[in-house]
Structures are given as structure tokens and as C-alpha cells.
Amino acid sequence: MHLKGEGVEKEEADIIKDEVLVASPPASVSPILASDTPAAQRETPKTSVTCRNQSKSRSKLGKDEKNTCTKQDSVPALQGTIVASNANSGKPVNRKNNEQQMLQIKGTGKILQGKTETNGNTVPIHPPEDIKVGPHNKEDANKVAKRRKPVTVDTFKAKTSLEALKLSIRQLKWKEFPVGRRSACDIYWHGVSFHDNDNIISGQVNKFPGMIEMLRKINLTRAVRTMQELFPEEYNFYPRSWILPEEYQLFSTQISLAKDSDVSQKPTFIIKPDGGSQGDGIYLIRDPGDLRVIAGSHNKQSVVQEYIHKPLLIDKLKFDIRLYVLVKSLEPLEIYIAKEGLSRFCTEPYQEPSQKNLSHVFMHLTNYSLNVQSGNFVHSDSLSSGSKRTFSSVLYRLASKGVDIKKVWSDIISLVIKTVIALVPELKVYYQADIPPGKPGPTCFQILGFDILLMKNLKPVLLEVNANPSMRIEHEQEVSPGVFEYVPSPVDEEVKVGVIRDTLRLMDPAQRKSLTSYPEHQQEEMLGSPVRGTGEEGRVLPSMCLKQVFPKYTKQFSYLRIVERITALFLRFLGVKGNMRLGPTGFRTFIRNCKLSNSHFSMATVDILYIDITRRWASMLPDSREAGMGLQAFVEAFFYLAQRRFKSLPLREQVVSLLEVCEAQLENQGRGDPGGALPEDSTSTRRSVSCSRTQPGRTQHPHHMSTSAPGQALSAPQLCSPATPRRASSQDYRLHQRLRPTHKGNVEN
Ligand code: ADP
């Protein structure tokens, strides 16, 4: 069994080939030894970290325990930007013995002279041309700094990201409010959710409403599936998945059929609990029969996924990539990717799955939280060795073996943009429900953690997206038997402080305002330049580690944003009352205003369609509190309507054609009848809905209904279909169709 599209060498790299996000390998992995890493320059583990709870037994440590460490030293001015080296040999130099030294600017290969201050910070003597100081020069910067009030950041709810956040704020010379502030802050940093503090009415919060929900494994799978239905080739980076328990039968049938057709196939599957993280509850199976326990238990929602059994190995070990992605805004969509990420290694040499090794978690799961418990885990102060390394060091290694790392990066960017595009529709619904237009509220941004696996053929595969990626920059170390201490982790600090600091720089309210006066291409350039106005008092900040990829690549990806257009319709008929479900009235109004009903497709039929789809989704989302039609159900209804109306076209074209019909109708009404989209009289709807309830089970599963000829009016659906789970992934659906060749005939109108 193959990952859908495995082996299909679609040259997406061509699309964005001009851009490689990673610093050129020799520079980014230039001779940075432990003593030269920013963390190491600042402090060495035991002398510089003061932990309030210095020693504690592991059992007492909660996952999200608030970080109690404080750091004493100041932050080097050039943190993360410049590494000391001997200009000729490229070897690190001993700072203490070299007051004046050659400095290499990471990522540029440029050398400049500098000297070490007594506090260990390195200051440039002659800034190179591409390191500017302040807005124009140092004097101007000082003036600006004096004029400007520092940006204020409420860190009260920051939780485990606190340490990296504090460092970032200090580097930017902004003002931190560790216990909150009576008046409003510019930025609120939440550790968990948008709702960590519900009293914010202005400023910017680092979480989107609904992101946690959307990134649960089932919802992510559903969102990607919708896109797979429309764009199977483009979304083949996500392993084939089934949602349990509702798709258990489908899963078993498909697997047995695949095995029957090719007896040599012995695929492996990975089972992941819906809300799980850090590898909790994950296990591998080779036979669907092993799922029986879960299938019988309705509260164990999980995703079963094809196991990628040929990952790329380094030193015989499986590893994955954690990449940080900033969603800066939903409307307009703005996405940034961190140029540096982490590679997390397994601690037991990899072997392809067999019945014998299925339970070897240190061989199959790359989670840091699991592998750190293995005796083989290597904590390293180097960024390019050990069980957790920088991604650039891995790329460097691959490049040295002749791998086209530009293509790898470009495929990764593409995966990230497409995934975010899949998530945006539902996020917009959450956003409007929590912050309806006209209601005072903050704007949102969020750093996401993308977990990506490289297959042996270098194709990136999306494993999951974390709404709350760990931003810890220290790790626990057992200092004596049973006694643990937090010590700095240079590799985490190298990556994460940059991500937080540059996110803040991008969210600087003054920056945002001043940037808007520049054309878009210049904004991009300015944000990417080494120093922004926020580098107060002439302080030199490292070049941006976050790189804009959207809207930069709008042209290449905007054709994928079809579901967002359906969402715009959904939101329009939902109204702005803070709910997320469309009632029958709203649905009828949508049909009526878009002129989708006629004598062949009556409003009574519309009601039946509404009830059928809504009921089935309600049974699939057992914990949903709100009644009505959610976005996913609406999208299903829309696909169905499109299929009926534009029968002979591929699904994507059917959907686009229907969108054009709807948008044109609404535009006409917008011109002539501004109130056209208001819900109609609810009593009439209620009447027809209850009418249709007198015929339970007589609705047809939309996917099994036929479509009418292009341009023809919608005709009444056939009745009496079983309410089967809808929209298994597009490939599931196609297989399903193949399995039941007569089915389509049965439902043809
Ligand atoms: P969690 O949120 O619990 O970390 P993940 O989806 O990230 O769950 O899976 C945990 C680990 O399992 C991943 O880091 C990866 O090493 C491995 N893994 C997950 N999905 C697959 C897959 N489809 N194929 C191969 N390995 C996988």
C-alpha cells in the first residue's frame, strides 16, 4: 500500500524555486561549537540558571508546569546572528583570549570585526553594509527610541513559553507585564488558548479562537480530506487516514480488499487518539482486527493512519522535523515560516515494521518526550549532533550527500501553505463567532508547530500540526539519582527565541502602521532586513528568521482557496450573532437567494437535504453542543448541490461553477436588494422542517445522489438512502464507488 501519490514526482519545487528559506548550509552550520552558541555565550548550565524548585522528583513534574527558572545574565546583542570564528580557518575562537576578533554573520558568510565586552556580549566595530542601525542610523534610532513608548506585552498567561518570551522582550527592549496590567497591553501572550483571558478587547493575542479544536487529529484529517476531494494531487502529502470509530467498517473493508488484490502487501497502521499529544496512546498495528477494542468503544475517538514505513534515516535513525509557522492574519491570509527548525531523532536504530518490533516506541516514534526517557538519548550542546538538532544541520548533511535541499525546502513550504489553506475556512467561522464584526476585540496571530516526516524519497509528509508547540528553551536533567533540574538547551534556544522575537517584531503595532505606507514588495524587504525600527537604541538585532511565504506565493496557491469562498457564503447566511451553526432558515435563505431551487428542486427537498446532512454530522460530532449545520456539513451540502447541477464535470469544476452562480446572484441582489440575505420567516421553515420529519430515513446520501446535466435545474433527490458516513477521504470515496458499481445507477435521478 502506498501513501497516496507516493512516488509521483510532481515538480512543485519549480513553483517556488527562487526561494530557499534555509540559510546556506555552510553558514548556518558554520563552526558553531557549544561555547559559541548564543546560549552558551550567555551561560553555562549550572552556574547561570536559578531554579526556584531546583530539585524535584520527576513524578511531581506536570507537562505544563510553569517554568520557574530565571536567568541572570544579559542577552548578547548579536544573539543568534553572529558566531565567533577564526576568519581564516573557520574554527571557533576562544573569546576570553581574543578581545578583538573576526565575526562571521550566520547565513551570510560575511566576516566583520568585533570585540567582546566584559559581559560576554559581542559588539560589531564596523557594521557591514547590510546591517543597518535603527531607522537610518544610530542617532536617529536613539531619537526614535526616546520618542516611542515601548511596546507592552502581557506575559501573565505565557506558561511554558515564558522564558523564551522574556528573552525576546528583553532583546527588543519592550516592556513586559508579568502579572498583567490594568490598562490594555499591545500584545497578550497566552500559553494555551485564545480564551486564557476572555477580557481582552483590544491589542493582539497570540492565539486564534478554534485553533486547538481545528488541530485535533480528527478535525485536521477532515479539513485535509475536503481539500483532497477537490485537489487529490496537491494534498497527497497527508497519509491516508480513517476516523474511528465511525469509519471502522470502511477501514477494515478497504484493507482486506487491498490485501486480497495484492497478497504481498502487509501494510502497517498507526493509531492516534484524537486529543493526544507527545505520543500518548499511540500504537502500531498490522491487522485491522487489532482495532476491535477501539471499534467497540464510542468514546475512544482516534485516527488510524497509514504508517510511513520508509522514512529517511540519518545515522540509521528515524527523525522528524518541527517547523514553526506564524499565521499572522487570517484576513488577509499571511503566513511566515521560520528558516530554522528542529530535527528530533529516535533513539533506537530503525527497522521496517514487523510484528516483532511494532511496540518499539524508540524506533518508530520521534517524540522528544518519549525518546528523552531512553538511555540512548543524547543531550548535546552542539546544534548539529545529539537527539535534537537544528534542521539546517540536517539539511547541510543531506546537501553534502548531494540532496537537492532547495527542492526539499520548497516542497515543505508548499505543504505548509496548503495545510494552512485547508484550516482557514473553519478558523474564520470560529473567529467570527468569537469576535463578530463590530464587537470590540483583539486581533489574533499564532505560532504553529508543524511536524513533518521526510520519506526515503525525500517527499515531506505532514504528521500533525500543534496549536501549542513547546517553546521551552531548557530541558530537565537528572543531576543525581531521582533529582532533576532545568538546564538551558542551546538548540531549543537557538531556534525558539528567534521565532518568538521575530513574531513580536512582526506584530509590533508601530511597525505594522508604518509598513502599510510602503508597497507590498518593499514591506517584505523591510521585514526581512536585519534591523527594524524595533531594534531600539541602535541595538543590532539579528536578521529575521521568519520568512513570508503567503501572500508572497499567492499566485501559485490561490486557486486552492475554494472552500474559503464556500465559507464566505456560509458566514453570510449565518449572520453575526456569534453562533457557528446554520439553522434551517439560514439554509433555506441561502438556497433561495442564490436561486438554487425551482420546480424540480423544491424547498421541501431542501429541508430534507438539510436534515439529512445535519443529523449525520451531529452523530459524527457527539460532543457538539450547538444544533444546526456546521461549516463541514454546509460544504458537503454545497458539493452535493454542485454535483447535481453540473453533472459531467470533475468535482472541483462543479464546485467552482456553483460558486460562480451563487456569487453572481448575491452580487446582483447586493446591488438591488441589500436585505436579500436576511433569514426568512422562521415559522414557514419550521413547518416544512417538521413536515420532512414525518418521513424519517427517506433522504438520500448526497454523495450517492446523481447530478443533473450541466446548466439544468436541480431535481429532487431520490429518497430512502441509508445515512452512511459521508466524505471518507476522496480516495476512500473513489474506492467505495468502485466497490459498488451499481450504486450510482440506483440513485440516478
Ligand atoms: P502526537 O501528537 O502524539 O505527537 P503524532 O501524530 O505527532 O502524535 O505522532 C507521534 C509520532 O509518531 C510522530 O512524531 C512520528 O514519529 C510518528 N508518526 C506519526 N504518524 C506517522 C505516520 N503516519 N507514519 C510514520 N510515523 C508516524
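Residues numbered from 1 in each chain as written. Predicted model: local features only at pLDDT ≥ 70, side-chain atom pairs only at ≥ 80, totals over all residues. Heavy atoms only, no water.

In the nomenclature of an unreviewed UniProt entry, the protein chain corresponds to Tubulin tyrosine ligase-like family, member 11 from the organism Hucho hucho.

*Asks:* Explain the overall build of the protein chain here, please?
*Replies:* Looking only at helices and strands, the protein chain features 25 helices and 25 strands. Expressed as a percentage of its 749 residues, the buried residues of the protein chain come to 57%. In the protein chain, of all internal contacts separated by at least 6 residues, the share reaching a separation of at least 24 is 70%. Accessible surface, the protein chain as shown: approximately 31,200 Å² in total, 52% of it carbon and sulfur. (Helix = DSSP H or I, 4+ residues; strand = E, 2+ residues; numbered from the N terminus. Buried < 20%, exposed > 50% of the residue type's maximum accessible area, 1.4 Å probe, protein only. Contact = heavy atoms within 4.5 Å. Areas by Shrake-Rupley, 256 points an atom, 1.4 Å probe, with all protein chains shown as cover.)

*Asks:* Sorry if this is basic, but what is going on with helix 20 (residues 603-620) here?
*Replies:* A turn of α-helix holds 3.6 residues, and therefore any two residues three or four places apart point the same way. The end-to-end C-alpha distance of helix 20 is 26 Å, a good match for the 26 Å that 18 residues give at a rise of 1.5 Å each. Across the 18 residues of helix 20, 14 count as buried, placing the element largely inside the fold. (Expected span 1.5 Å × (residues − 1).)

*Asks:* How should the packing of aromatic side chains be read in this particular structure?
*Replies:* Each aromatic ring pair is summarised here by two numbers: the centre-to-centre distance and the angle between the ring planes. Across all of its chains, the model carries 18 aromatic pairs by this definition. By the ring-pair criterion, three or more aromatic residues cluster together here, those being Phe 570, Phe 573, Phe 587, Phe 590, Tyr 610, Phe 634 and Phe 638. (Phe/Tyr/Trp six-rings, centres within 6.5 Å; stacked < 30°, edge-to-face > 60°.)

*Asks:* How should I be thinking about the sheet that holds strand 7 (residues 152-154) in this particular structure?
*Replies:* Pairing between the strands of a sheet comes from backbone hydrogen bonds, and it takes one of two forms, parallel or antiparallel. Strand order in the open sheet formed by five strands is 8-7-9-10-20, with parallel pairing between adjacent strands. The open sheet terminates on both sides in strands that have one partner only, identified here as strand 8 (175-177) and strand 20 (443-444). Both strand 10 (residues 204-205) and strand 20 contribute to a ladder of two bridges, which runs parallel. Within strand 20, the position partnered with Val 205 by the bridge is Cys 444. (Pairing = 2+ DSSP bridges.)

*Asks:* Could you clarify how one ought to interpret the nonpolar core in this entry?
*Replies:* As a rule of thumb, nonpolar side chains are buried together in soluble globular proteins. Core analysis: the biggest nonpolar cluster contains 111 residues, and Phe 450, Phe 587, Phe 590 and Val 655 have the highest contact counts within it. Here this core takes 17 residues from helix 13 (residues 405-434), the largest share from any one element. Viewed by domain, this core spans two of them, domain 1 (148-237 + 328-339 + 381-513 + 541-560) and domain 2 (561-668), each represented by three or more residues. In this structure Phe 450 touches Ile 321, Arg 322, Leu 323, Val 325, Leu 415, Val 416, Thr 419, Val 420, Leu 462, Glu 464 and Val 465, once residues within four positions along its chain are discounted. (Core = buried A, V, L, I, M, F, W, Y, C linked by side-chain atoms within 4.5 Å. Domains from an automatic or database assignment.)

*Asks:* Just checking my understanding: could you explain the packing of helix 12 (residues 391-400) against helix 13 for this structure?
*Replies:* Axes are the key here: two packed helices are described by the angle between their axes and the distance separating the axes. Orientation of helix 12 relative to helix 13, taken along the N-to-C sense of each, is 140°, at an axis distance of 10 Å. Taken together, the axes of helix 12 and helix 13 are oblique relative to one another. For the pair helix 12 and helix 13, the contacting residues are Phe 391, Leu 395, Leu 398 and Ala 399 in the first and Ile 405, Val 408, Trp 409 and Ile 412 in the second. Class assignment for the residues of the contact of helix 12 with helix 13 results in eight nonpolar, no polar and no charged. (Axes fitted to C-alpha atoms, helices over the stretch in contact; angles between N-to-C directions. Parallel < 35°, antiparallel > 145°, perpendicular 65-115°, else oblique. Nonpolar A, V, L, I, M, F, W, Y, C, P; charged D, E, K, R; others polar.)

*Asks:* It is not clear to me how the pairing of strand 18 (residues 342-345) should be interpreted in this structure. Could you clarify?
*Replies:* Along any regular strand, the residues point their side chains to alternate faces of the sheet. Here strand 18 shows a buried face lined by Leu 342 and Arg 344 and a second buried face lined by Ser 343 and Phe 345. Where strand 16 (residues 317-329) meets strand 18, four bridges bridge the pair, whose relative direction is antiparallel. If you follow Arg 322 over to strand 18, its bridge partner there is Leu 342. The pairing of strand 18 with strand 19 (residues 388-390) spans three bridges and is antiparallel. From the neighbouring strand, Arg 344 faces strand 19, where its bridge partner is Lys 388.

*Asks:* I tried to follow the site of the ligand on my own but got confused; where do I start?
*Replies:* With respect to spatial proximity, 23 residues lie near the ligand, and among them Lys 272, Gly 279, Thr 366, Asn 367 and Glu 464 are the closest. Contact between the ligand and Gly 279: an oxygen atom at 2.7 Å from a main-chain N or O atom of the residue. Between the ligand and the protein, one listed contact pairs an oxygen atom with a side-chain N or O atom of Glu 464 at 2.6 Å. In isolation the ligand has 530 Å² of accessible area, and contact with the protein removes 99% of it. Of all elements in the fold, only strand 12 (269-273), strand 14 (302-306), strand 16, strand 21 (446-454) and strand 22 (460-466) reach the threshold of two or more residues within the shell around the ligand. Residue composition of the shell around the ligand, grouped by class: eight nonpolar, eight polar and seven charged. (Near = heavy atom within 4 Å. Polar contact = N/O pair within 3.5 Å; in protein donor to acceptor, adjacent residues only side chain to side chain.)

*Asks:* Looking at this structure, I do not really get the side chain of Ser 343. What am I missing?
*Replies:* Here Ser 343 shows up in strand 18. Not counting chain neighbours up to four residues away, the residues in contact with Ser 343 comprise Phe 319, Asp 320, Ser 387, Lys 388, Arg 389, Thr 390, Phe 391 and Val 394.

*Asks:* Which parts of the structure should I look at to understand the pairing of strand 24 (residues 483-488)?
*Replies:* Among the six residues of strand 24, five are classified as buried, and the element is accordingly described as predominantly covered. Of the strand pairs in this sheet, strand 23 (residues 474-480) and strand 24 are connected by six bridges, and their pairing is antiparallel. Across the sheet, the residue bridging to Glu 478 is Phe 484, located in strand 24. Taking the residues between adjacent antiparallel strands as the criterion, strand 23 and strand 24 are bridged by two residues, where Gly 482 takes a positive phi near 80°.

*Asks:* Looking at this structure, I do not really get the pattern of salt bridges. What am I missing?
*Replies:* Oppositely charged side chains can form a pair if their charged atoms are brought close together. Within this structure, the stated rule accounts for 25 salt bridges. Put simply, Arg 222 and Glu 246 hold a salt bridge, and the shortest N to O gap is 3.3 Å. In this pair, Arg 222 is assigned in helix 7 (residues 217-230) and Glu 246 in the loop between strand 11 (241-244) and helix 8 (248-261), connecting sequence segments 24 residues apart. One salt bridge in this structure joins Lys 496 and Asp 492, with 2.9 Å as the shortest N-O distance. With Lys 496 and Asp 492 both in helix 14 (residues 490-507) and four residues apart, this pair spans about one turn of that helix. The pair formed by Lys 496 and Asp 492 is uniform in burial state, with each residue classed as buried. Linked through salt bridges whose partners overlap, the residues forming this network are Asp 320, Arg 322, Arg 344 and Asp 451. (Salt bridge = Lys/Arg side-chain N within 4 Å of Asp/Glu carboxyl O.)

*Asks:* Help me out: how do you make sense of the confidence of the model for the protein chain in this one?
*Replies:* Atomic detail in the predicted coordinates should be set aside for any region of low pLDDT. When the pLDDT values of the protein chain are averaged, the result is 74; 64% of them are 70 or greater. Overall, residues 1-14 carries pLDDT values under 50, and its contacts beyond four positions in sequence, including any with other chains, amount to 40 contacts. In the predicted structure, residues 674-749 sits below a pLDDT of 50 and forms 179 contacts with residues beyond four places in sequence or in another chain. (pLDDT = per-residue confidence, 0-100.)

*Asks:* Which parts of the structure should I look at to understand unusual backbone geometry?
*Replies:* Leaving glycine out, the prevailing phi sign among residues is negative, and the prevailing peptide bond configuration is trans. The residue after Leu 244, namely Pro 245, is reached through a cis peptide bond having omega 5°. As for its position among the elements, Pro 245 is in the loop between strand 11 and helix 8. Cis geometry is found at the peptide bond from Glu 331 to Pro 332, where omega equals 0°. Its identity is not glycine, yet Lys 159 carries a phi of approximately 55°, on the positive side. With respect to the helices and strands, the residue Lys 159 is situated in the loop between strand 7 and helix 5 (162-172). You can call Lys 159 partly exposed: its relative accessible area is 35%.

*Asks:* Explain the environment of Val 424 to me, please; I cannot follow it from the model alone.
*Replies:* You can see Val 424 is positioned in helix 13. C-alpha of Val 424 to C-alpha of Glu 564: the two residues are 140 residues apart in sequence and 7.2 Å apart in space. Discounting residues that sit within four places of it in the chain, Val 424 has contacts with Leu 330, Leu 333 and Glu 564.

*Asks:* Help me out: how do you make sense of the sheet that holds strand 13 (residues 283-285) in this one?
*Replies:* Across the sheet, which stays open at both edges, the four strands sit in the order 11-14-12-13 with antiparallel pairing between neighbours. At either margin of the open sheet sits one strand with a lone partner, and together these are strand 11 and strand 13. This sheet shows a mean twist of 25° between the axes of neighbouring strands, independent of strand direction. Inspection of the sheet shows strand 12 paired to strand 14 by five bridges, in the antiparallel sense. Paired with Ile 271 across the bridge in strand 14 is Val 304. The strands touched by helix 7 within the sheet are strand 11, strand 12 and strand 14, with strand 11 carrying the most contacts at an inclination of about 135°. Relative to the sheet, helix 8 contacts strand 11, strand 12 and strand 14, its axis offset from that of strand 11 by approximately 145°.

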